[in-house]
Amino acid sequence: MPSHLYADRSAQPPEPGSVDALISQTRRLRGDVDAVRRDTVVDDDDAQGRWQRALCDLAVHHLDDLGQHLGQLKEGLPPAPAHIELPATAPETASEDRQTRVGSAEWNLLTDEVTWSEELFQIFGRSPEAGPLPLDELGSTLFSEDQPLLTAMVTDCLVDGKPIDGEFRIVRADGRVRTLHMRGEPVLDADGCTASMWAVLRDVSELRRSQRAERESRDSLQRQREIAQTEHRLAVELQEAVLPPWRGSLRFPHDNAGTMDVAAHYLPSATSSLIGGDWYDALELADGRSLLTVGDLTGHGVSATSGMAMLLGALRGMAMAGIEPGPLMGWLNQLLETSAQPALGSAVCCRYDPERRLLSWAQAGHPAPLLFRRGQGRALRPPDGVLLGATSGAVYGQAEELLELGDVLVLYTDGLTPRSIEFSRADGTERLLALAPRFSAARSARDCVRMVTEEFGESEREDDACVLVARIGG
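Residues numbered from 1 in each chain as written. Predicted model: local features only at pLDDT ≥ 70, side-chain atom pairs only at ≥ 80, totals over all residues. Heavy atoms only, no water.

Caption draft 1: Spatial organisation of helix α5 (residues 147-160). Between the first and last C-alpha of α5 there are 19 Å, a value that for 14 residues agrees with the 20 Å anticipated at 1.5 Å per step. The inward-facing, buried residues of α5 abut β4 (164-171), β5 (177-188) and β6 (194-203). Positive phi shows up at G161, right after α5, with a value of about 75°. (Helix = DSSP H or I, 4+ residues; strand = E, 2+ residues; numbered from the N terminus. Expected span 1.5 Å × (residues − 1). Contact = heavy atoms within 4.5 Å.)

What follows is the structure, given as structure tokens:
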């Protein structure tokens, strides 16, 4: 049987010095946690921030309760604990809730006398003039489904001497619902009979509310993470399904002096979680000419990759139908403008004629292709062209460039050479052009791609990127 308090044995308070030190430490820690809570900026869509804020709220409530318990320990029992001044909590916590968190009561079974602390009257929303509630009337303030629990706890305490430790909800006189945690024990007389029952009731409403908020925000954060993982997986699968299936190098046409050797590579972002709308493609057209293209659609995730799939599919179809690069860009612009998911895109589209070694190309707000010849590199002069989806009825110019055997053409998306504090995008282009001597010594387009990835692949990029290299003459 559990130990009991005896009516003829007074509780001995602990040494005040050690408790005072604990109270001071609790105050300092509570102030530090409250400062972190105030500095936590929470947006409606920020599940991580809401979870952090809920944890801070929960920690503050625990420290408030610890401060109350230490104050009670310092004053000793049975007197009600003195209120301990703690740093102010957030505005949403009412001052009444802070000051009336813990109250005490004693029910004398021999005299039917009931003693409540002032704090307990405030917790129950009951005026001292109305008097404390007898033990058999206490249950009338509880939720009906909680009343059997209180009855069982009191019966076990009075009959079997078991300590009380349970939680229930009450409805105050003003209609407010509070959650109380009750701890108590029987007090025995000299003959070992139950003389009275004392209890400490703690208002844990704010604590339980904070726990619910923390649990709900944690669950919401977990759901968002699961959704993000699913969307990332779908974006990766869609990207892999849409981008060209070939790896290594392509050579076409096979029976011409102007054969083009093509290789490409996709570079993920530093986190590998931002799957964007970058694409590359190269294919031989029905008339013997070849299509080269790279592009980038704004955004990340499934929406970006699905939009990229739509554009790349349209681009391939129009190129196979013989539409020239300039008009083709105009049709892509109209397609993106009327899309159900508005977005902006940039692209380069090249058509290569191996018979004349003539490159016809157009661009839409995209970095111009780089041409490397005999150890020197330069950017091609771009024709007119605005971003896809930026304006209705845009007209795109078309330029031509006569290529020579041994020329190397590099197409890339702007994620390859991103702007940063240390480097501008022009600096990235210069780094690419500086690879000209190494490109001259390369034996294949695949070697050139490897050189580019060695130069840029290790950098911490915020966005993904594509690079495509075409070498004239195989």
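Caption draft 2: Seen up close, helix α8 (residues 325-337). Between its first and last C-alpha atoms α8 spans 18 Å; for 13 residues at 1.5 Å apiece the expected length is 18 Å, and the two agree. Among all positions in α8, only P325, G326, L328, M329, L332, N333 and L336 are buried. Down the axis of α8, the smallest arc covering the buried residues is 155°, so these residues share one side. Where α8 is buried, its residues meet β10 (290-300), α7 (302-320), β11 (345-353) and β12 (358-364). (Buried < 20%, exposed > 50% of the residue type's maximum accessible area, 1.4 Å probe, protein only. Arc of directions from axis to C-beta.)

Caption draft 3: Representation of the pattern of salt bridges in the model. One pass over the structure, following the stated rule, counts 24 salt bridges. D64 serves as the salt-bridge partner of R30, at 2.9 Å between the closest nitrogen and oxygen. Residue R30 is found in helix α1 (residues 16-39), and its partner D64 is found in helix α2 (residues 47-75); the two are separated by 34 residues along the sequence. This pair shows no difference in class: R30 is buried, exactly as D64 is. Its salt-bridge partner being R450, residue D447 comes within 4.0 Å of it at the nearest N-O pair. Of this pair, D447 and R450 are both found in helix α11 (residues 445-456), three residues apart, which corresponds to roughly one turn of the helix. Taken together, the shared-partner salt bridges connect R178, D203, E206 and R209 into one network. (Salt bridge = Lys/Arg side-chain N within 4 Å of Asp/Glu carboxyl O.)

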